[in-house]
Amino acid sequence: MLDFDVIIVGGGPAGLCAAMYAGRGMLRAVLLERGLTGGELLNTEKIEDYPGFLSILGPELAAKMTEHAVAFGADIRQENVDAIERLGDGTYQVTTDSGATYLAPTVILTAGGTPTKLGVPGEVEYAGRGVSYCAVCDGAFFKGETIAVVGGGDAAVEEADYLTRYASKVYIVHRRAEFRASKVVQERALANPKIEVIWNSTVNELTGGPGGLTGLELESSVTSEKTILPVTGCFIFIGFKPNSGLIKGHFDHDPSGYIITDDRMMTSMPGLFAAGDLRVQLTRQVTTAVGDATTAAIAVEKYLTERKTAGRV
Ligand SMILES: Cc1cc2nc3c(=O)[nH]c(=O)nc-3n(C[C@H](O)[C@H](O)[C@H](O)COP(=O)(O)OP(=O)(O)OC[C@H]3O[C@@H](n4cnc5c(N)ncnc54)[C@H](O)[C@@H]3O)c2cc1C
């Protein structure tokens with residue numbers, strides 16, 4: 001018999017929730033997390049859209065979710081997963097960079113993803129103090145303020161339009177002379193009187209002080225002229241990389257690498273489930289991550305029962 005019923009890869013909100021449900025469901029589960037548990041919650045200042053908490057600090061919610069999972073018996077190990085592979089008999093083999101190997105009939109992959117960074121001075125310093133990568137999460141903190149959105153794809157242009165419900169003015173800073181965003185998205189944004197586009201410009205630096213972000217240093221790629229754009233918020237939407245590359249072998253995904261699942265969160269590989277930010281879906285929030293994980297953990301229980309009934313465990 002294998003040591004585990006399920007291996008959970010990633011200890012963000014999705015992984016911790018899956019571990020809690022797996023524990024309550026009496027499954028033998030192990031959660032492998034490369035760093036501290038909490039995932040993107042650890043990079044989030046304040047959360048105001050998680051039911052039950054009018055306002056809570058990201059690290060505090062991370063600690064509560066970890067305590068909750070541990071209270072139901074979660075076996076959390078600090079491991080950086082290298083690969084997830086389906087062996088010939090259908091068992092999953094998860095290998096880590098410490099040289100350990102874990103085997104189980106099912107895996108729930110909750111490794112999230114990483115927003116692409118601008119990589120300019122001030123970006124790290126003002127993260128959570130004006131700099132954001134999530135409009136739904138942080139838009140409401142910028143009511144009546146003048147802000148900037150950096151990017152030119154669908155995410156940037158759509159989110160700029162969304163942010164005008166809070167901000168009094170939204171600049172879209174784009175390095176080219178035209179957007180990559182779809183026509184309909186562009187038309188809606190360009191017709192919005194609160195939006196002004198600054199074309200052919202790159203961000204050199206984010207500037208500010210003890211109170212947070214105060215402006216962006218921009219450079220025109222046409223004239224090389226440098227200007228300061230006074231803003232108190234800067235939303236960066238220049239890409240997001242889902243951590244789906246850990247899976248060896250073919251699995252269904254969209255062109256950006258987001259994993260496609262069925263309504264039980266199962267991927268195209270039987271026994272491999274995915275939950276949270278790395279899954280194809282409309283929005284990526286803490287609530288959606290834990291919702292996915294709930295479904296995935298319960299689906300794992302049913303999958304194992306069905307296999308047992310069929311005499312395959
Ligand atoms: C700045 C910011 C602010 C946000 N604010 C809000 C908000 O206010 N409200 C809201 O609802 N949502 C917010 N979000 C979104 C929310 O944080 C995510 O939707 C949520 O964290 C997704 O959970 P997850 O578990 O899928 O992924 P993550 O939180 O990304 O967790 C993934 C975990 O997997 C681990 N991992 C990755 N690769 C490996 C590996 N190879 N081996 C082992 N472990 C691995 C990572 O270390 C990480 O701990 C915000 C996001 C950001 C970036």
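Here's what I pulled together on the structure shown here.

Conventions adopted
Residues numbered from 1 in each chain as written. Predicted model: local features only at pLDDT ≥ 70, side-chain atom pairs only at ≥ 80, totals over all residues. Helix = DSSP H or I, 4+ residues; strand = E, 2+ residues; numbered from the N terminus. Rg over C-alpha atoms; globule rule 2.2 N^0.38 Å. Buried ≥ 20, exposed ≤ 12 C-beta atoms within 10 Å, placed from the backbone. Contact = placed C-beta atoms within 7 Å. Near = placed C-beta within 6 Å. Nonpolar A, V, L, I, M, F, W, Y, C, P; charged D, E, K, R; others polar. Domains from an automatic or database assignment. Pairing = 2+ DSSP bridges. Axes fitted to C-alpha atoms, helices over the stretch in contact; angles between N-to-C directions. Core = buried A, V, L, I, M, F, W, Y, C linked by C-beta atoms within 7 Å. Expected span 1.5 Å × (residues − 1).

**Quick notes on the overall build of the protein chain**
Then, in step 1: Counting its secondary structure elements, the protein chain contains six helices and 20 strands.
Then, in step 2: For a compact globule of 313 residues, the expected C-alpha radius of gyration is about 20 Å, and the protein chain comes in at 21 Å, within 12% of that figure.
Then, in step 3: Each principal axis of the C-alpha distribution contributes one length, and for the protein chain these read about 70 × 35 × 35 Å.
Then, in step 4: Within the span of the protein chain, comprising 313 residues, buried residues form 42% of the whole.
Then, in step 5: Pairs at least 24 apart in sequence give 61% of the contacts found in the protein chain among residues at least 6 apart.

**Concerning the site of the ligand**
Then, in step 1: Taken together, 37 residues surround the ligand, and among them Gly10, Gly12, Gly39, Gly112 and Gly276 come closest.
Then, in step 2: Partitioning the shell around the ligand into residue classes produces 15 nonpolar, 16 polar and six charged.
Then, in step 3: Both domain 1 (6-115 + 240-309) and domain 2 (131-236) contribute no fewer than three residues apiece to the shell around the ligand.

**Here we look at the sheet that holds strand β16 (residues 212-220)**
Then, in step 1: Taken in spatial order, the three strands line up as β15-β16-β17 in an open sheet, and their pairing is antiparallel. Edge strands, defined here as strands with exactly one partner in the open sheet, are β15 (201-209) and β17 (226-230). Recorded for the sheet is a direction-independent mean angle of 30 degrees between the axes of neighbouring strands.
Then, in step 2: Sheet topology note: the β16/β17 ladder contains five bridges and is antiparallel. Looking at β17, one finds that Leu216 is bridged to Leu229.

**Examining the pairing of strand β6 (residues 81-86)**
Then, in step 1: Note: β6 against strand β7 (residues 92-96), five bridges, orientation antiparallel. Looking at the pairing, Ala83 lines up with Thr95 of β7.
Then, in step 2: Connecting β6 to the antiparallel partner β7 that follows it, the hairpin turn spans five residues, and Gly90 within it adopts a positive phi of roughly 90 degrees.

**As for unusual backbone geometry**
Then, in step 1: The phi dihedral of Ser224 is positive, around 65 degrees, even though this residue is not glycine.
Then, in step 2: Note that Ser224 resides in the loop between β16 and β17.
Then, in step 3: Even without glycine at this site, Met265 takes up a positive phi of about 70 degrees.
Then, in step 4: By the element assignment, Met265 lies in the loop between β19 (240-242) and β20 (272-274).

**Digging into the nonpolar core**
Then, in step 1: The biggest cluster of nonpolar side chains holds 55 residues, and the ones touching the most others in it are Val6, Ile7, Ala18, Val107, Ile108 and Phe273.
Then, in step 2: If one sorts the elements of this core by residue count, helix α6 (residues 286-309) sits on top with ten residues.
Then, in step 3: Setting aside anything within four residues of it in sequence, one finds Ala18 in contact with Ile8, Ile108, Thr110, Ala275, Ala293, Ala296 and Ala297.

**Some words on α6**
Then, in step 1: With 24 residues, α6 ought to run about 34 Å at 1.5 Å a step, and its terminal C-alpha atoms sit 35 Å apart, in line with that.
Then, in step 2: Listing the buried residues of α6 in full gives Val286, Ala289, Val290, Asp292, Ala293, Ala296, Ala297, Ala299, Val300, Tyr303 and Leu304.
Then, in step 3: Check the buried side of α6 and you find it contacts β1 (6-9), α1 (13-24), β3 (46-47), β9 (106-109) and β20.
Then, in step 4: One or two residues past the end of α6 sits Gly311, with phi positive at roughly 70 degrees.

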